[in-house]
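As a plain string of letters, each chain reads:
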Amino acid sequence: YRMDTRMKWGIFTAYIQQQSDFRWRDGVVLPGSFKLTHKVSLYKRRDSIVFDWQSMQATGTRKQEDFTVDLIPGMRDKLSVYLLLAGSLCRGQYSIDVAVVSGPVPKSYQYQFQAIESLDTVLGRVQAIHVRRGVAGDEKQTDLWHAEETHFLPVKMIYRDDGIITDMRLLDISFNDG
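On a predicted model such as this, the values are computed, not experimentally measured, just so you know.

**Observations regarding the pairing of strand 8 (residues 107-121)**
Both strand 7 (residues 96-100) and strand 8 contribute to a ladder of 5 bridges, which runs antiparallel. Across the sheet, Asp97 pairs through a bridge with Gln110, a residue of strand 8. Count of turn residues in the strand 7/strand 8 antiparallel hairpin: 6 residues. The pairing of strand 8 with strand 9 (residues 124-133) spans 10 bridges and is antiparallel. Paired with Ser118 across the strands is Gln127, a residue of strand 9. Connecting strand 8 to the next strand, strand 9, in antiparallel fashion are 2 residues.

**Thoughts on the pattern of salt bridges**
Taken as a whole and assessed by the stated rule, the structure comprises 5 salt bridges. Note that Arg45 and Asp47 form a salt bridge whose closest N and O atoms lie 2.6 Å from each other. Residue Arg45 is classed as buried on the basis of its relative accessible area, which comes to 13%. By relative accessible area, Asp47 is classed as buried at 8%. Residues joined in a network through salt bridges with shared partners are Arg132, Asp143 and Arg160.

**A word on unusual backbone geometry**
Phi is positive for Lys63, which is not a glycine, with a value near 50°. With respect to the secondary-structure elements, Lys63 resides in the loop between strand 5 (57-62) and strand 6 (65-70). A positive phi is found at Phe152, a non-glycine position, where the angle reads about 65°. Along the polypeptide, Phe152 turns up in the loop between strand 10 (140-147) and strand 11 (154-161).

**So, the confidence of the model for the protein chain**
When pLDDT is averaged along the protein chain, the result is 87, and 95% of the positions lie at 70 or above. Within the protein chain, no element has a lower average pLDDT than strand 1 (residues 2-9), which sits at 69, and none a higher one than strand 6, at 97.

**Thoughts on the nonpolar core**
In terms of nonpolar packing, the biggest core is built from 34 residues, with Tyr82, Val101 and Tyr111 touching the most fellow members. Mapped by element, the contributors of at least two residues to this core are strand 3 (28-40), strand 4 (43-52), strand 6, helix 1 (80-90), strand 7, strand 8 and strand 9. By residue number, the principal contributor to this core is helix 1, which donates 7 residues. For Tyr111, the contacting residues outside a window of four places in its chain are Val81, Leu85, Tyr94, Ser95, Ile96, Val98, Val131, Arg132, Arg133 and Leu144. Counting 8 residues, the second-largest nonpolar core is a separate cluster that includes Leu119, Val126, Ala147 and Val155.

**A short note on empty space enclosed by the protein**
With a probe scaled to a water molecule rolled over the atoms, the places where space remains empty come into view. Per the stated rule, a full pass over the model turns up 1 cavity of 30 Å³ or more. As a volume, the largest cavity reaches approximately 50 Å³. Among the elements of the structure, strand 3 and strand 4 are those that each provide at least two residues to the lining of the largest cavity. The element best represented in the lining of the largest cavity is strand 4, accounting for 3 residues. Residues belonging to the lining of the largest cavity are distributed by class as follows: 3 nonpolar, 1 polar and 4 charged.

**Description of the environment of Gln127**
Here Gln127 shows up in strand 9. Taking the C-alpha atoms as reference, Gln127 lies 25 Å from Gly137; in sequence the two are 10 residues apart.

**Overview of the pairing of strand 11**
In terms of strand pairing, strand 10 meets strand 11 through 7 bridges, oriented antiparallel. Its bridge partner being in strand 11, Thr142 is matched across the sheet by Tyr159. The sheet contact formed by strand 11 and strand 12 (residues 164-169) spans 6 bridges and is antiparallel. Bridge pairing in strand 12 places Tyr159 opposite Thr166. Taken together, strand 11 and the strand that follows it, strand 12, pair antiparallel across an intervening segment of 2 residues, in which Asp162 is found at a positive phi of about 50°.

Rules used throughout
Along each chain, residue indices are assigned from 1 in the same order as the chain's sequence is written. The model is predicted, so local features are restricted to residues of pLDDT at least 70 and side-chain atom pairs to those at 80 or more, both for listing and for counting; the totals for chains, interfaces and linings are taken over all residues. Each side-chain value is worked out from all heavy atoms of the structure, with water and hydrogens disregarded. At least two bridges found by DSSP between two strands is the condition for calling them paired. Helix and strand definitions here come from DSSP, where helices need a minimum of 4 consecutive H or I residues and strands a minimum of 2 consecutive E residues; each element is numbered from the N-terminal end. Salt bridge, as used here: a side-chain nitrogen of Lys or Arg that lies within 4 Å of a carboxyl oxygen of Asp or Glu. Only protein chains enter the accessibility calculation, which uses a 1.4 Å probe. A residue is then buried if its area is under 20% of the maximum for its type, exposed if over 50%, and partly exposed in between. The predictor rates its confidence in each residue with pLDDT, a number between 0 and 100. For our purposes a nonpolar core is just a set of buried Ala, Val, Leu, Ile, Met, Phe, Trp, Tyr and Cys residues, chained together by side-chain atoms within 4.5 Å. In what follows, residue pairs with any heavy atoms lying within 4.5 Å of each other are defined as contacts. Method remark: on a 1 Å grid restricted to protein atoms, a set of points is classed as a cavity if a 1.4 Å probe fits but cannot get out and as a pocket if it is open with protein on both sides within 12 Å along at least five of seven lines; lining residues have an atom within 4 Å of a point. Grid points are joined across faces, edges and corners, and a volume is the space filled by probe spheres set on the points. All amino acids are sorted into three groups, where Ala, Val, Leu, Ile, Met, Phe, Trp, Tyr, Cys and Pro are nonpolar, Asp, Glu, Lys and Arg are charged, and the leftover types, Gly among them, are polar.

In structure tokens:
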């Protein structure tokens, strides 16, 4: 699963590529590895994580610092969490708590149902399930809109961090049916 994001702020451009390699085991997504490349103008950062479910440890590099984390069942990376959300939304489960590994300290991500909303997208007008991570008014908050037409992967994301608002919308999606 891969997500590419391109942004532009005045003369600055940013590119974020995230890739999560995973496998299915007993109907559950198990992350195998995660890679992130973040480039803003001349600055470039690469993070990576390898999940070893036999030893129950994840090893990785974040901001050029190596780390090791003890895994607990159900942990995800920052991208495979969207697959968990998609599966949960398909089953009608709208509140989700999950531990996410993105660095030396796992984070708890809690997603709460907000509303079902009609959105104009590149796929046309869709009914989307709006979920939020964080509390309205917090310095960091992520709002996601998931649509059945994308197998409940996000069609829109709004990320708020310290007063900076980033609005991302789906431009293209493809599925490998093989």
